[in-house]
Amino acid sequence: MSFSLHLNHDAKTPKYKQIVKSVIDGVERGSLKRHQQLPSINELSEEYYLARDTVEKAYKELKALGIIDSVRGKGYYILNEKPKQIRVLLVMNKLSAYKKAIYESFVATLGERATVTLHIHHGSLRIFRDIIKESLGQYHSYVIMPHFYNDVTIASVIDTLRQIPANELVLLDKEIPELTEAHSSIFQDFTNDLYGALESGQDLLDKYDELVLVFPKDVKYPPEIVRGFRNFCAHFHKKGRTIESASSENDLKGRAYAVLEDSDLAELVKKAKVQGLELGKDVGVMAFNDTPLKEVLADGITVISTDHEEMGRSAAMLILEGSTARIKNPFGLIRRGSL
């Protein structure tokens, strides 16, 4: 008889629910076969130090779900071993073009082996907590984008994440070093990634007198981006400043701009045209997060970007393989004519 029960005694999910999920996972992953005998209620309660009522309640729920059956005097058996889809909860902080690319790559890689439920927490800790509370024990994997700003503390985010079994948690886009449990993550290192991307384009940036980061105040982006920009300017003795909107800029000549919002990108391209300036010669423009439009706009916009499709693929492969890993996603400067 081979049955391994995965219990997290610190989790807020009731023990009987964890037993139910463990059996269902075994059936769906093929480790529990049709007609295979399960441990008796007494055996399971003694081996895992569980109350007998807890095991009995779990077995009753599994019988009600049609997963197991019992034979008087012989015990409990697996009734149904028909493979089912892996259930995945994907929680993002917001929707955008590049997060759509992550989502589509993630879903395409999982294919028919999984169903994905998408929720958006909008940077709200309250919404995030509610999503997790209502979802515990309902999914095989929890893929979370942990982007929170303003007065949300790391400790409060970690407190919620720790309700999820570590082997079922995948952090996406951002790592949280303070979360020490053995979870998975596909992440960007925003500070060092931006520094490295700018450094790789130093030969192009040298022809400009000043670098300007357009970092909007009313749209939430990782503050580590500003740190990476300032580190680069300080290390290479480059004049640099940060502004909130491209609309405040008048004379663009001799400056290179890095912009996060497409509205600021459009504003700079229009202003350059009005001022008779050539992109990549008189004024430089770099945008964050590549899209097909940026490949063709103004004969090609130079882009600072991670590989969003690769991020989605990597997260999906961890789930399909049942692996635990922390993977830094590829990041770099895509050279086009605007710089």
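Residues numbered from 1 in each chain as written. Predicted model: local features only at pLDDT ≥ 70, side-chain atom pairs only at ≥ 80, totals over all residues. Heavy atoms only, no water.

A. Structural detail: the overall build of the protein chain. Assigned secondary structure in the protein chain consists of 12 helices and 14 strands. Relative to its length of 339 residues, the protein chain is extended, with a C-alpha radius of gyration of 25 Å against a globular reference of 20 Å. Every one of the 339 residues in the protein chain was classed for burial, and the buried ones make up 50%. Residue pairs in contact within the protein chain that sit at least 24 positions apart in sequence constitute 68% of those at least 6 positions apart. Working note: accessible area of the protein chain is about 16,600 Å², and carbon and sulfur atoms make up 49% of it. Averaging the coordinates of the 45 positive side-chain charges in the protein chain and doing the same for the 47 negative ones gives two points 4 Å apart. (Helix = DSSP H or I, 4+ residues; strand = E, 2+ residues; numbered from the N terminus. Rg over C-alpha atoms; globule rule 2.2 N^0.38 Å. Buried < 20%, exposed > 50% of the residue type's maximum accessible area, 1.4 Å probe, protein only. Contact = heavy atoms within 4.5 Å. Areas by Shrake-Rupley, 256 points an atom, 1.4 Å probe, with all protein chains shown as cover. Lys, Arg positive; Asp, Glu negative; His and termini not counted. Charge placed at Lys NZ, Arg CZ, Asp CG, Glu CD.)

B. Structural context of the pairing of strand β8 (residues 210–214). Counting buried residues in β8 gives 5 out of 5 residues, a clear majority hidden from the surface. Where burial is concerned, the two faces of β8 agree: the one with Glu 210, Val 212 and Val 214 and the one with Leu 211 and Leu 213 are both buried. Pairing analysis gives 5 bridges linking β8 to strand β10 (residues 255–259), with the strands arranged parallel. Looking at the pairing, Leu 213 lines up with Ala 258 of β10. Bridge count between β8 and strand β9 (residues 240–243): 4 bridges; the pairing is parallel. In the sheet register, Val 214 faces β9, and the bridge partner there is Ile 243. With respect to chirality, the unit in which β8 leads through helix α9 (residues 224–235) into the neighbouring parallel β9 is right-handed. (Pairing = 2+ DSSP bridges. Right-handed = clockwise from strand over helix to strand, strands pointing away.)

C. The domain arrangement of the protein chain, seen in detail. Along its sequence, the protein chain is organised into domain 1 (15–78), domain 2 (86–188 + 308–329) and domain 3 (190–306). Between the C-alpha centres of domain 1 and domain 3 there is a distance of 58 Å. (Domains from an automatic or database assignment.)

D. Examining the sheet that holds strand β6 (residues 169–174) more closely. The sheet built from 6 strands is open, its strands ordered β4-β3-β5-β6-β7-β13 with parallel pairing. Lying at the two open borders of the sheet, with one neighbouring strand each, are β4 (114–120) and β13 (326–328). Going across the sheet, the axis of each strand differs from the next one's by a mean of 15°, ignoring polarity. Where strand β7 (residues 184–188) meets β13, 3 bridges bridge the pair, whose relative direction is parallel. When the sheet's bridge partners are listed, Phe 187 is paired in β13 with Lys 328. (Axes fitted to C-alpha atoms, helices over the stretch in contact; angles between N-to-C directions.)

E. Summary view of the sheet that holds β10. Pairing is mixed across the open sheet formed by 6 strands, whose spatial order is β9-β8-β10-β11-β12-β14. With one partner strand each, in any of the chains shown, β9 and β14 (331–334) form the two edges of the open sheet. The average undirected angle you get between the axes of adjacent strands in this sheet is 20°. Each of β11 (284–288), β12 (302–306) and β14 is contacted by helix α7 (residues 190–200), which is oriented at about 30° to β14, the strand it contacts most.

F. View of the packing of helix α5 (residues 125–135) against helix α6 (residues 154–161). It is the contact of α5 with α6, at a shortest axis distance of 10 Å, that shows an interaxial angle of 10°. With respect to each other, α5 and α6 are oriented roughly parallel. Across the interface between the two elements, Leu 125, Phe 128, Arg 129 and Ile 132 of α5 pack against Ser 156, Val 157, Thr 160 and Leu 161 of α6. For the contact of α5 with α6, the residue count by class is 5 nonpolar, 2 polar and 1 charged. (Parallel < 35°, antiparallel > 145°, perpendicular 65-115°, else oblique. Nonpolar A, V, L, I, M, F, W, Y, C, P; charged D, E, K, R; others polar.)

G. Spotlight on the packing of helix α1 (residues 15–29) against helix α3 (residues 52–64). Where α1 meets α3, the axes come as close as 8 Å, and the angle between the chain directions of the two elements is 45°. Between α1 and α3, the crossing angle belongs to the class labelled oblique. Note that α1 runs across α3; the crossing there is right-handed. Within the contact between the two elements, α1 uses Lys 15, Tyr 16, Lys 17, Ile 19, Val 20, Val 23 and Ile 24 and α3 uses Thr 54, Val 55, Lys 57, Ala 58, Glu 61 and Leu 62. (Left-handed = near helix turned anticlockwise from the far one by under 90°.)

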